[in-house]
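A look at the structure
Here is what each chain is made of, one letter per residue.
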Amino acid sequence: MGMLLEMGSYDELVKKDKNIKWEQTVFRDQVLLLTDVMKRGYIDPKNFQELVGVYDSWTCVKTVRHNIHTSPADKKRFSRSFEQFTVADNWRATEACYSMGEQLIAEARTCEKKEWSEKTDRELLLEAQRLLEQIGKFCVFIVFPLYVFERPYQESITTFLRDKGVPNPPEYLSVISSPPKKTANYYEQQEILAIATEIAQDSTLCQAAGVSDPEVLMASLLERRPDLCARIDKYVQQFGWIPCRNWRGEPWRSRDIVMRIQSIYGDAVEESGRMRQLEEDDSERFSSIVDELCIGGELFEIIKLTKEWAYLRTYRTDIIHEFGFRIRPIIEEIGKRFGYTRDEMFHMVKDEIAALDQRRVLHQDLFDRILEFVVIGIDRNVNYLWGDDCERYTRDIDSIVSSDMPTELSGTVAHKGCVRGVARVVKRTADIMKVQRGDILVAPMTFPSLIAAMERAAAFVTDEGGILCHAAIISREMNKPCIIGTKIATQVLKDGMLVEVDANQGVVRILEK
């Protein structure tokens, strides 16, 4: 048995749950601690009041088998609180997100370098509580402004394009909505390609890179190009956190980067040039579309904000994931003091960590939570189930997809093209190694931690996402076919299926099961 309830009783919780019409929104393989701080962050109206000036919040959101479910009625009610918001108000909210994000990352990097062993138990617990409360508050920006305004803004742009008689609105929209700033993922790609290019131009290093054992290339670099070794070390310090999404996983090490270089060095020069050319083409194409369609006034302001949000979408989650990685030292020190592993610490809730010097958490409970947990927020009360109670709750949940699976899926074209390949379903970081060159990467949604797999894949198919999502942006940067928003691709497509991704028509066809 395992539960922490704020609603009185399990029966009361289930009764209220059944009275809500839920919809599955996204899949996120989060640890319990991140799920806890996020939900408490965006169901607290005081956080919205402080950060965006409106006293309201979501009241219903739950996580079951790492699938996040929301209430359409609750989101509609919440959106009405912002009916008077203007484009200028949304710019202010966007700038508030950037300001808080930079502050949080600065604090997290300081945390990473501190000597926590010198602090008392109470000092450690208080500081951990403060850090977790701050990142929870930042999660307001996961909900706002994108969940409220992104869709209506895109609909305004799409309607304008159709009224103008544009033959292919999605293609125009993808250019109009391309981000004006580069994400950490872009700079990470540019740097690794620059290092790989240096290796490709040295015949001895090329020969070492062609040997399967990465130690051969590492030894050759150390002997011939210590400057490149230093660049790899700097790269790891700057970008090593990227695989640690959802506060899970291990960071990239130098060996990981060398192995990745081995897989891309042959194409590095061409790929670097293609990325630069695409950036120039996007800028020119955007300007030509603005001139061609005579875009101005309020619509132009909406377009500028939509472009900014294409960057903001990834920025927000990058802040959360990097923050979680860089506060590991304090979490690990607390675990060391009280006899818990890092994984166990990350499957406590925030208030349990704050009270560890007064009340311990059972190891069996933490073991059960690591296996599976359910978090249910209703009427701004957050409830947690694990172990037998988690199984009891999930037992009667029906699958979203019927047993009569379709042989063809449709979605939104993010980048055109048509390829065939073997499907590889990637839901967790550990699944990345399944993807081989030429495979079709199928995921709930892509993230920067999937970049190595995306480099090898021939095309991308996702359950989620709009034209501003990570998969859409990266598919254009890599010039690979991409279909987003299929809703059920990860449930219908299975590893090993031969599929055709027809991103000219927005269709994924199963050719062989």
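Residues numbered from 1 in each chain as written. Predicted model: local features only at pLDDT ≥ 70, side-chain atom pairs only at ≥ 80, totals over all residues. Heavy atoms only, no water.

1. A closer look at the overall build of the chain
Helices and strands together make up the secondary structure of the chain, namely 24 helices and 14 strands. Relative to a compact globule of 513 residues, whose C-alpha radius of gyration would be 24 Å, the chain shows 24 Å and is just as compact. Each principal axis of the C-alpha distribution contributes one length, and for the chain these read about 65 × 65 × 50 Å. When each of the 513 residues of the chain is scored for burial, the buried share is 58%. Partitioning the intrachain contacts of the chain with sequence separation of at least 6 by distance along the chain shows that 69% fall at a separation of at least 24. Carbon and sulfur atoms make up 49% of the accessible area of the chain, which amounts to about 22,300 Å² in all. (Helix = DSSP H or I, 4+ residues; strand = E, 2+ residues; numbered from the N terminus. Rg over C-alpha atoms; globule rule 2.2 N^0.38 Å. Buried < 20%, exposed > 50% of the residue type's maximum accessible area, 1.4 Å probe, protein only. Contact = heavy atoms within 4.5 Å. Areas by Shrake-Rupley, 256 points an atom, 1.4 Å probe, with all protein chains shown as cover.)

2. Section: the sheet that holds strand S3 (residues 61-64)
With antiparallel pairing, the 6 strands of this open sheet are ordered in space as S1-S6-S5-S3-S4-S2. On the outer flanks of this sheet lie strand S1 (3-4) and strand S2 (23-27), each paired with one strand and no other. Bridge analysis of S1 against strand S6 (residues 381-386) gives 2 bridges, and the strand direction is antiparallel. Looking across to S6, one finds that Leu 4 is bridged to Tyr 384. (Pairing = 2+ DSSP bridges.)

3. Things to note about the packing of aromatic side chains
Applying the stated criterion to the full structure yields 19 aromatic pairs. Their ring planes at 35 degrees and their centres at 5.8 Å tell us that Tyr 311 and Tyr 315 sit as a pair that is tilted. With Tyr 311 and Tyr 315 both in helix H16 (residues 297-326), this residue pair falls 4 residues apart, about one helical turn. Tyr 315 shares its class with Tyr 311; the two are buried. The cationic tip of Lys 182 hangs over the ring face of Tyr 186; the distance from NZ or CZ to the ring centre is 4.8 Å. The cationic tip of Lys 427 hangs over the ring face of Phe 27; the distance from NZ or CZ to the ring centre is 5.3 Å. (Phe/Tyr/Trp six-rings, centres within 6.5 Å; stacked < 30°, edge-to-face > 60°. Lys NZ or Arg CZ within 6 Å of the ring centre and 35° of its normal.)

4. Some thoughts on the side chain of Thr 35
In this structure, Thr 35 sits in helix H2 (residues 32-42). Polar contacts involving the side chain of Thr 35 include one to the side chain of Gln 30, which spans 3.1 Å. When sequence neighbours within four positions are dropped, the list of residues in contact with Thr 35 reads Gln 30, Thr 63, Phe 373 and Val 375. (Polar contact = N/O pair within 3.5 Å; in protein donor to acceptor, adjacent residues only side chain to side chain.)

5. Some points on the pattern of salt bridges
Under the defined criterion, the tally for this structure stands at 46 salt bridges. Across the pair Glu 333 and Arg 337 runs a salt bridge, and its minimum N-O distance is 2.8 Å. One end of the pair is Glu 333 and the other is Arg 337, both in helix H17 (residues 328-338) and 4 residues apart, which spans about a single turn. Taking the relative accessible area as the measure of exposure, Glu 333 reaches 14% and is therefore buried. By sharing partners, the salt bridges in this structure join Glu 408, Arg 420, Glu 500, Asp 502 and Arg 509 into a single network. (Salt bridge = Lys/Arg side-chain N within 4 Å of Asp/Glu carboxyl O.)

6. Description of the packing of helix H10 (residues 184-200) against helix H15 (residues 268-293)
Running from amino to carboxyl end, H10 crosses H15 at an angle of 145 degrees, the nearest separation of the two axes being 8 Å. When the axes of H10 and H15 are compared, the crossing they make is left-handed. Residue-level contacts link Tyr 186, Gln 189, Gln 190, Leu 193, Ala 196 and Thr 197 of H10 to Ala 268, Val 269, Glu 271, Ser 272, Met 275, Arg 276 and Glu 279 of H15. Partitioning the contact of H10 with H15 into residue classes produces 6 nonpolar, 4 polar and 3 charged. (Axes fitted to C-alpha atoms, helices over the stretch in contact; angles between N-to-C directions. Left-handed = near helix turned anticlockwise from the far one by under 90°. Nonpolar A, V, L, I, M, F, W, Y, C, P; charged D, E, K, R; others polar.)

7. A short note on the sheet that holds strand S8 (residues 412-415)
Within the open sheet, the 8 strands sit side by side as S7-S14-S13-S9-S10-S11-S12-S8. Their pairing is mixed. In the strand order of this sheet, the two ends are held by strand S7 (408-410) and S8, each with one partner. Sheet twist, expressed as the mean angle between neighbouring strand axes with direction ignored, is 30 degrees. Bridge analysis of strand S10 (residues 440-443) against strand S11 (residues 459-462) gives 4 bridges, and the strand direction is parallel. Within the sheet, the bridge partner assigned to Ala 443 lies in S11 and is Thr 462.

8. With respect to the environment of Arg 40
Structurally, Arg 40 is set in helix H2. Each residue touching Arg 40, except ones within four places of it in the same chain, is listed here: Glu 6, Asn 47, Val 382 and Tyr 384.

9. Side note on the confidence of the model for the chain
Averaged over all residues, the pLDDT of the chain is 91; the fraction at 70 or higher stands at 97%. Every residue in residues 398-403 scores below 50 in pLDDT, and together they form 6 contacts with partners more than four places removed in sequence or on other chains. (pLDDT = per-residue confidence, 0-100.)

10. Describing the pairing of S3
Of the two faces of S3, the one carrying Val 61 and Thr 63 and the one carrying Lys 62 and Val 64 are both buried. Note that S3 and strand S4 (residues 67-70) share 4 bridges and pair antiparallel. Each bridged residue has a counterpart across the sheet, and for Lys 62 the counterpart in S4 is His 69. The hairpin turn running from S3 into S4, its antiparallel successor, is 2 residues long, and Arg 65 in that turn takes a positive phi close to 50 degrees. Across 4 bridges, the pairing between S3 and strand S5 (residues 373-378) is antiparallel. Paired with Val 61 across the two strands is Gly 377, which belongs to S5.

11. Structural notes on a negative patch on the surface
A grouping of Glu 279, Glu 280, Asp 281 and Glu 284 is seen on the molecular surface, where their side chains present a negatively charged patch. Along the chain, Glu 279 turns up in helix H15. (Patch = residues over 30% accessible without salt bridge, like charges linked within 9 Å, V, L, I, M, F, W, Y side chains within 5 Å. Lys, Arg positive; Asp, Glu negative; His and termini not counted. Charge placed at Lys NZ, Arg CZ, Asp CG, Glu CD.)

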